[in-house]
Amino acid sequence: MFSPEAVEEVEEFLRSQAAWRASYKPEPVEMTPLRAELAERIRCAFAGVTCYREVRVLLGGEAEDDYMSPQAQALLAPLEERDDWQRIPDDLLVFCSCALSYAGPHAYRFLLPRFMIGDLQRLVEIYPGSGPSNDPEIYTRHQMLYLTEEQRICLEDFLNVQCVEDDDTSRDTFLPWEHDEYRTHYADRMDYTEYGELLLQRFREKMNL
């Protein structure tokens, strides 16, 4: 049995969502060839991913960011898209732009491709990974627990594409398995800046840039 306060929370959340989405005016931005190629690889790598092991997905993540009660989040659970992340529309993605930060590992794997493509389309911004200080690394490692090798490569290249298109010479954000590689193979002979340069060099060679 849900409390009247939780029901009221959800009703207000849904009213705000509907009003915001009704006023949403997209500004389409054509993706560069590099971004478009990566978006297609993301679609293939995450095809068929669903999310039925966690209560909180997109709506629940945004509700958590709004400090909504656990009861209210539970009420939102039946409204979540769980079968096909590509069915999440642009306006709802933008409205729930903070949700990815609160996703557990199964929801993260489901939402990540939609957020990556949304970022490549310049609809939202996401910041996966962690810097050399690795303060959020434990949480990030937990979120990315169920990514396959192919999905990990897409995430790596997502970070690489941004750096290449910004004309950066090094990456300053790293994924958990990149931290592992650095510590195991490179920490005794280069710093993180040099390692970031190495990652971009690998990507440029792979993509013939």
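Here is a short report on the structure shown in this document.

About the cut-offs
- Residues numbered from 1 in each chain as written.
- Predicted model: local features only at pLDDT ≥ 70, side-chain atom pairs only at ≥ 80, totals over all residues.
- Heavy atoms only, no water.
- Phe/Tyr/Trp six-rings, centres within 6.5 Å; stacked < 30°, edge-to-face > 60°.
- Buried < 20%, exposed > 50% of the residue type's maximum accessible area, 1.4 Å probe, protein only.
- Helix = DSSP H or I, 4+ residues; strand = E, 2+ residues; numbered from the N terminus.
- Contact = heavy atoms within 4.5 Å.
- 1 Å grid on protein atoms, 1.4 Å probe; cavity = no way out; pocket = protein on both sides within 12 Å on 5 of 7 lines; lining within 4 Å.
- Points joined across faces, edges and corners; volume = space filled by probe spheres on them.
- Nonpolar A, V, L, I, M, F, W, Y, C, P; charged D, E, K, R; others polar.
- Salt bridge = Lys/Arg side-chain N within 4 Å of Asp/Glu carboxyl O.
- Expected span 1.5 Å × (residues − 1).
- Arc of directions from axis to C-beta.

Time to look at the packing of aromatic side chains. Overall, the coordinates contain 8 aromatic pairs when judged by the stated rule. Summarising the aromatic geometry, the rings of W20 and Y24 are spaced 5.3 Å apart at their centres and angled 25 degrees between planes, so their arrangement reads as stacked. Here W20 falls in the partly exposed class, since its relative accessible area comes to 32%. Where Y186 meets Y195, the ring centres are 5.6 Å apart and the plane angle is 35 degrees; that geometry is what we call tilted.

Looking now at the environment of R21. Looking at where R21 falls in the secondary structure, it is placed in helix 1 (residues 4-23). C-alpha separation for the pair R21 and L92, spaced 71 residues apart in sequence, amounts to 6.9 Å. When near neighbours in sequence (up to four residues on either side) are disregarded, R21 contacts P89, D91 and L92.

To find leftover empty space, one rolls a probe the size of a water molecule over the atoms. Here the largest pocket defines a volume of roughly 360 Å³. In this structure, the second largest pocket is lined by 15 residues; those nearest its centre are L100, S101, Y127, P128 and Q143. For the lining of the second largest pocket, the element with the most residues is helix 7 (residues 137-143), which contributes 3 residues. A per-class count over the lining of the second largest pocket returns 9 nonpolar, 5 polar and 1 charged.

Attention shifts here to the pattern of salt bridges. Tallying each qualifying case throughout the model produces 15 salt bridges. Two residues, D157 and K206, come together in a salt bridge whose shortest N-O distance is 2.6 Å. Within this pair, whereas D157 is found in helix 8 (residues 149-165), its partner K206 is found in helix 10 (residues 192-207), the two being separated by 49 residues in sequence. Here D157 falls in the buried class, since its relative accessible area comes to 2%. By relative accessible area, which is 44% here, K206 ends up partly exposed.

What follows is about unusual backbone geometry. We note that Y67 has phi near 60 degrees; this positive angle belongs to a residue other than glycine. One can find Y67 in the loop between helix 3 (58-65) and helix 4 (70-76). Phi is positive for R122, close to 65 degrees, though the residue is something other than glycine. Residue classification places R122 among the exposed positions, given a relative accessible area of 51%.

Counted at 1.5 Å a residue, the expected span for helix 2 (residues 33-45) with its 13 residues is 18 Å, and the 18 Å between its end C-alpha atoms agrees. Of all the positions in helix 2, only L34, R35, L38, A39, I42 and A45 are classed as buried. Take helix 2 and look down its axis: the buried residues cluster within an arc of 130 degrees, on one side only. The secondary structure elements touched by the buried residues of helix 2 are helix 6 (105-120), helix 8 and helix 10.

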